[in-house]
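Geometric and topological summary
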Amino acid sequence: MRVAEEVLAAQADGRAVVALESTILAHGLPPGRNRKVATAIEDAVRAAGAVPATIAVLDGQIRVGLTAAELDRVCAPDAELAKLSARDLGPAIALNRDGATTIASTSVIAYASGIPVFGTGGLGGVHLPAPGEVKAWDVSADLEVLATTPVTVVCSGVKSVLDIGATIEVLETRSVPVIGYRTNSFPAFYRRESRFPVPWRVDTPEEAAAVVAAHRTQGPGSGLLLANPIPTANEMDRALHDRLLAEGMAKVASEDVRGGDVTPVLLEHFHTASDGVSLDANEALVLSNVALAAEVAVVLTRL
């Protein structure tokens, strides 16, 4: 593992650091836009008083805090980065591969490098059953890693293409606290609210940091989910959202898409069929989440 000098210096000085994933850059946004968003994300973290640490695997080496040239490499149109969950880190390192880290692998690496807060877009979860199926057995590794890795993940709930209720139940079973930030409803990524409540609510970064600190010292050793709704101005229209989701699920069924390929296919349909609305929403919520993550991380350093 190589940790950037800026990150090491911040940790040595007791300053806040925020972990950032690279899958959203390599696989979640189109070339060109992804590089601009990469800069905007890191700028948002710095503006809130913390140091950004974007994480990826390059040439078989885990890198915590990427240089500008490395961000260029991750975001390049011809980049061939594998999508690395936590289980994929060993093979990627041993085989000297390049890879973008998901929430699961980023959380593992953040914890290993001493970074307690991670800002991202939407958590993975339990998939909805495809049309004609009774139950979906596909459950994101994000949930298991969050249950066993004491890192705070700031996100806009889970992606609305997932089974939100089942995901919340899994988090409860695995003793992961779910905290709503200025909301009583669990966010649904493109939508600010779902029909599911959050068990706890905080309204300031100070309250959030106090919860994180108490959970770290007295909790069961799990991570914590801080659910921050997409900004109101960027929320997707409900009718558009529901239409795109129905179309996307039909596409998944007709093409027999399974496993880790389901979410990328669904999100790609959202991107292409919404005339850019979903991309704008995705960018806005990520920027909001990383800024909040930085604010919480800064308060944590004082505690």
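Before reading further, recall that the structure is shown in the block above.
Being a predicted model, the structure only gives us computed values, none of them experimental. (Residues numbered from 1 in each chain as written. Predicted model: local features only at pLDDT ≥ 70, side-chain atom pairs only at ≥ 80, totals over all residues. Heavy atoms only, no water.)

**Structural notes on empty space enclosed by the protein**
By rolling a water-sized probe across the atoms, one finds the places where empty space is left. The following threshold applies: Definitions used for this entry: grid spacing 1 Å over protein atoms alone; cavity, a set of points where a 1.4 Å probe fits but cannot get out; pocket, an open set with protein on both sides within 12 Å along at least 5 of 7 lines; lining residue, one with an atom within 4 Å of a point. Grid points are joined across faces, edges and corners, and a volume is the space filled by probe spheres set on the points. Under the scheme applied, nonpolar residues are Ala, Val, Leu, Ile, Met, Phe, Trp, Tyr, Cys and Pro; charged residues are Asp, Glu, Lys and Arg; polar residues are all the others, including Gly.
Applying the stated criterion to the full structure yields 1 cavity of 30 Å³ or more. One number sums up the size of the largest cavity: a volume of about 60 Å³. Lining the largest cavity are Leu20, Glu21, Ile24, Ile41, Gly119, Thr120, Gly121, Val286 and Val290. Here the lining of the largest cavity is composed, by residue class, of 5 nonpolar, 3 polar and 1 charged.

**What about the packing of helix α6 (residues 103–112) against helix α7 (residues 141–148)?**
Condition: Angles run from 0 to 180 degrees between N-to-C directions of axes, and those axes are lines fitted to C-alpha atoms, restricted for helices to the stretch in contact. Labels follow the DSSP assignment, with helices taken as runs of H or I lasting at least four residues and strands as runs of E lasting at least two, numbered in each case from the N terminus. Here roughly perpendicular refers to angles of 65 to 115 degrees, roughly parallel to angles under 35, roughly antiparallel to angles over 145, and oblique to all remaining angles. Note on convention: the crossing is left-handed when the near helix lies turned anticlockwise from the far helix by less than a right angle, right-handed when the turn is clockwise. Residue contacts follow a heavy-atom distance rule, with two residues in contact if any of their heavy atoms lie within 4.5 Å.
Viewed as axis vectors pointing N to C, α6 and α7 meet at an angle of 20°, and their least axial separation amounts to 8 Å. By the angle between their axes, α6 is roughly parallel relative to α7. α6 and α7 meet at a crossing whose hand is left-handed. Here Ile103, Ala104, Ser107 and Val108 of α6 lie close against α7, whose contacting residues are Ala141, Asp142 and Val145.

**Considerations on the pairing of strand β4 (residues 61–64)**
The side chains of a regular strand alternate between the sheet's two faces. Where we set the bar: Two strands pair if DSSP finds at least two bridges between them.
Taken together, the 2 bridges between strand β1 (residues 2–3) and β4 define a ladder with parallel strand orientation. Residue pairing in the sheet places Val3 in a bridge with Val64 of β4. Pairing of strand β3 (residues 51–58) with β4, which is carried by 4 bridges, proceeds in the antiparallel orientation. Of the residues in β4, the one forming a bridge with Ile55 is Val64. From the end of β3 to the start of β4, which pair antiparallel, there are 2 residues, and Asp59 there has a positive phi angle of about 55°.

**Structural notes on the pairing of strand β2 (residues 17–20)**
To be explicit about the condition: Only protein chains enter the accessibility calculation, which uses a 1.4 Å probe; a residue is then buried when its area is under 20% of its type maximum, exposed when over 50%, and partly exposed in between.
Burial of β2 is two-sided: the residues Val17 and Ala19 facing one way and the residues Val18 and Leu20 facing the other way are all buried. With 4 bridges joining them, β2 and β3 adopt parallel strand pairing. Bridged to Leu20 within β3 is Thr54. As judged from the 2 bridges shared by β2 and strand β7 (residues 117–119), these two strands associate in the parallel manner. Across the sheet, residue Leu20 finds its bridge partner in β7, namely Gly119.

**Observations regarding helix α11 (residues 262–273)**
As a reminder of what qualifies: One less than the residue count of a helix, multiplied by 1.5 Å, gives the span that helix is expected to have.
With 12 residues, α11 should reach 16 Å at 1.5 Å per residue; the first-to-last C-alpha distance of 17 Å fits that figure. For α11, the set of buried residues is Val262, Thr263, Val265, Leu266, Leu267, His269, Phe270 and His271. On its buried side, α11 packs onto α2 (23–28), α10 (238–254) and α12 (277–302). Phi turns positive, to about 55°, at Asp275, one or two residues after α11.

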